[in-house]
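# Examining the three-dimensional arrangement
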Amino acid sequence: MARPVDLSRIVRETEPLLRAGISKEVDLQFDLPENLQKFYGDASQIHQLIVNLVTNAAEALEGKPGKVRIRTYPFTVTPDYLEQVFFRENAEPGPYVGLEISDTGCGIPPDQIHRIFDPFFSTRFSGRGLGLPVVLGIVRGHKGIIHLYSEPGIGTTFKILFPVAADLQETAAAPGYLTPNQTHEDESPDAEETTEHPEPGQILIADDETPVRQVMREVIERAGFTVTEAQDGEEAVSIFRQDPRRWRAVILDLTMPRMNGREAFDKIRDIREDVPVIIASGFAAQDIDLQFRDRPPSAFLQKPFRTRDLSALISRVLSSQDA
Ligand SMILES: Nc1ncnc2c1ncn2[C@@H]1O[C@H](COP(=O)(O)OP(=O)(O)OP(=O)(O)O)[C@@H](O)[C@H]1O
Ligand SMILES: [Mg+2]
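Residues numbered from 1 in each chain as written. Chains lettered and ligands numbered in written order. Predicted model: local features only at pLDDT ≥ 70, side-chain atom pairs only at ≥ 80, totals over all residues. Heavy atoms only, no water.

### Observations regarding the site of ligand 1
Close to ligand 1 lie 22 residues, the nearest being N56, S122, T123, L130 and L132. T123 places a side-chain nitrogen or oxygen 2.4 Å from an oxygen atom of ligand 1. When the free accessible area of ligand 1 is taken as 600 Å², the share hidden by the protein chains comes to 93%. Comparing atom positions with the cavity grids shows ligand 1 to sit within the largest pocket. Secondary-structure elements contributing two or more residues to the shell around ligand 1 are α2 (43–60), α4 (131–141) and β7 (155–163). Here the shell around ligand 1 gets four residues from one element, more than from any other, and that element is α2. By residue class, the composition of the shell around ligand 1 is 10 nonpolar, eight polar and four charged. (Near = heavy atom within 4 Å. Polar contact = N/O pair within 3.5 Å; in protein donor to acceptor, adjacent residues only side chain to side chain. Areas by Shrake-Rupley, 256 points an atom, 1.4 Å probe, with all protein chains shown as cover. 1 Å grid on protein atoms, 1.4 Å probe; cavity = no way out; pocket = protein on both sides within 12 Å on 5 of 7 lines; lining within 4 Å. Sits in = over half its atoms within 2 Å of the grid points. Helix = DSSP H or I, 4+ residues; strand = E, 2+ residues; numbered from the N terminus. Nonpolar A, V, L, I, M, F, W, Y, C, P; charged D, E, K, R; others polar.)

Next comes the structure, spelled out in structure tokens:
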């Protein structure tokens, strides 16, 4: 039964059940803002969805200490964003409410990621492979969106987005509602679309997803730069190596086949230590930080990103380099 529901409240209601069902070793964290918009949802189905995703996240820790984080947030889905998501049958751009469940577990190998929603697909000893098919069915029933990021050895993030129907959209949206998902705390709010660069140059971008590269190219070219694309880390390194001084900056996705962003980053910085490198990833910046503690990149770009996040980040990275 769909009625107006508050996602933070539904998550709070499942908390005792979640804690009872998973190992005490799991560091379960919640970030549930109070004044989310309501959407038409079936609370008992959403309970089920949360339990299935959190159970998977906890199982991914494989008995080792680790974190599972559950967060709700307002989010505006743009046409660009729809191009990048994992599942979006019939979804329309507009305001959504998001549920993000991330873990620091084993991750999903890239060659399995497209099978995890298949009924009976399981890599778990006693798994039946039914948890995610049920999640998919519930998301479909809510005309929602699924997005996910996973990196073997680092963790997995699932994002589930529920559309806010027109009659529930508040006319005077709460402040911040239209600029949601502000995950770069260090980004000053006035870092608006700065598209002026005195000396444009060449920027190398590496991402295995073509639509992501297209969006990046568009934004970067609008800012006056020339873009060269690579499909994975290996290609990025070999293009970079040909003429290392040519590049103003490099943007590397973290999760790529053949060579991931972390390895490509090391190789590129070994070739030229001072080149600005931005690491793009769907993981929270804090989780990525750990991975780059010994050798930090110039900046992180949280995916999915808004076009102005990217243009602001590029101008910030380049201006700090020029300074
Ligand atoms: N957070 C995650 N981290 C790593 N792998 C995951 C994660 N979530 C799902 N998977 C992978 O997807 C597979 C399918 O998940 P699903 O929930 O459908 O089945 P299951 O957990 O194996 O069994 P069941 O949920 O029926 O007990 C899992 O076996 C696992 O390989
Ligand atoms: Mg499961």
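### With respect to the sheet that holds β7
Read from one edge of the open sheet, five strands run β2-β4-β5-β7-β6, paired in mixed fashion. The sheet is open, and its two borders are formed by β2 (26–31) and β6 (145–151), each paired with just one other strand. Looking at each pair of strands side by side, their axes are set apart by 15° on average, direction ignored. Note: strand β5 (residues 94–103) against β7, eight bridges, orientation antiparallel. Counterpart to G98 in the pairing with β7 is L161. Sheet contacts for helix α1 (residues 7–21): β2, β4 (66–77), β5 and β7; angle to β2, the most-contacted strand, approximately 165°. (Pairing = 2+ DSSP bridges. Axes fitted to C-alpha atoms, helices over the stretch in contact; angles between N-to-C directions. Contact = heavy atoms within 4.5 Å.)

### Overview of the packing of aromatic side chains
According to the stated counting rule, one finds seven aromatic pairs in the structure shown. For the ring pair F292 and F300, a centre distance of 6.0 Å and an interplane angle of 70° mean the geometry is edge-to-face. The exposure classification of F292 matches that of F300, with both residues buried. An aromatic cluster of three or more residues is present, and its members are Y73, F75 and Y81. Over the ring of Y73 we find R71, and its NZ or CZ is 4.1 Å from the ring centre. (Phe/Tyr/Trp six-rings, centres within 6.5 Å; stacked < 30°, edge-to-face > 60°. Buried < 20%, exposed > 50% of the residue type's maximum accessible area, 1.4 Å probe, protein only. Lys NZ or Arg CZ within 6 Å of the ring centre and 35° of its normal.)

### Things to note about the layout of surface pockets
Put simply, the largest pocket is a space of about 650 Å³. Forming the walls of the largest pocket are 30 residues, and the residues nearest its centre are N56, E59, S122, R124 and L132. For the lining of the largest pocket, the secondary-structure elements that each account for two or more residues are α2, α4 and β7. The class makeup of the residues in the lining of the largest pocket is 13 nonpolar, 12 polar and five charged. (Points joined across faces, edges and corners; volume = space filled by probe spheres on them.)

### A short note on the packing of helix α6 (residues 233–242) against helix α7 (residues 261–271)
Between α6 and α7, whose axes approach to 9 Å, the crossing angle comes to 10°. Considering their axes alone, α6 and α7 lie roughly parallel with respect to each other. Mapping the contact onto sequence places G233, V237, F240 and R241 in α6 and A264, K267, I268 and I271 in α7. (Parallel < 35°, antiparallel > 145°, perpendicular 65-115°, else oblique.)

### With respect to the environment of P119
For P119, the position within the fold is in the loop between β5 and α4. Each C-alpha atom of the pair P119 and G131 lies 8.5 Å from the other, and the pair is 12 residues apart in sequence.

### Examining the pairing of strand β12 (residues 299–302)
Neither face of β12 is left uncovered, since the one carrying A299 and L301 and the one carrying F300 and Q302 both have all their residues buried. The sheet contact formed by strand β11 (residues 277–281) and β12 spans four bridges and is parallel. Counted as the bridge partner of S281 is Q302 from β12. Regarding topology, helix α8 (residues 285–291) serves as the crossover connection from β11 to the parallel β12, and that connection is right-handed. (Right-handed = clockwise from strand over helix to strand, strands pointing away.)

### Overview of the pattern of salt bridges
Going through the model one piece at a time under the given rule, you end up with 24 salt bridges. Of the charged contacts in the structure, one is a salt bridge between K303 and D253, with a shortest N-O distance of 3.0 Å. In this pair, K303 is assigned in the loop between β12 and α9 (307–322) and D253 in strand β10 (residues 247–253), connecting sequence segments 50 residues apart. Taken individually, K303 and D253 each receive the classification buried, so the pair is uniform in this respect. Between R295 and D270 there is a salt bridge whose closest N-O contact spans 2.9 Å. You can see R295 sitting in the loop between α8 and β12 and its partner D270 sitting in helix α7, a full 25 residues away along the chain. Residue class for D270 comes out exposed when judged on its relative accessible area of 57%. A single network of salt bridges, built from pairs that share partners, joins R262, D266, D270, E273, D294 and R295. (Salt bridge = Lys/Arg side-chain N within 4 Å of Asp/Glu carboxyl O.)

### Quick notes on the sheet that holds β10
The sheet built from five strands is open, its strands ordered β9-β8-β10-β11-β12 with parallel pairing. Each edge of the sheet is formed by a strand with only one pairing partner; in this case those strands are β9 (226–230) and β12. Looking at each pair of strands side by side, their axes are set apart by 20° on average, direction ignored. Where strand β8 (residues 202–206) meets β10, five bridges bridge the pair, whose relative direction is parallel.

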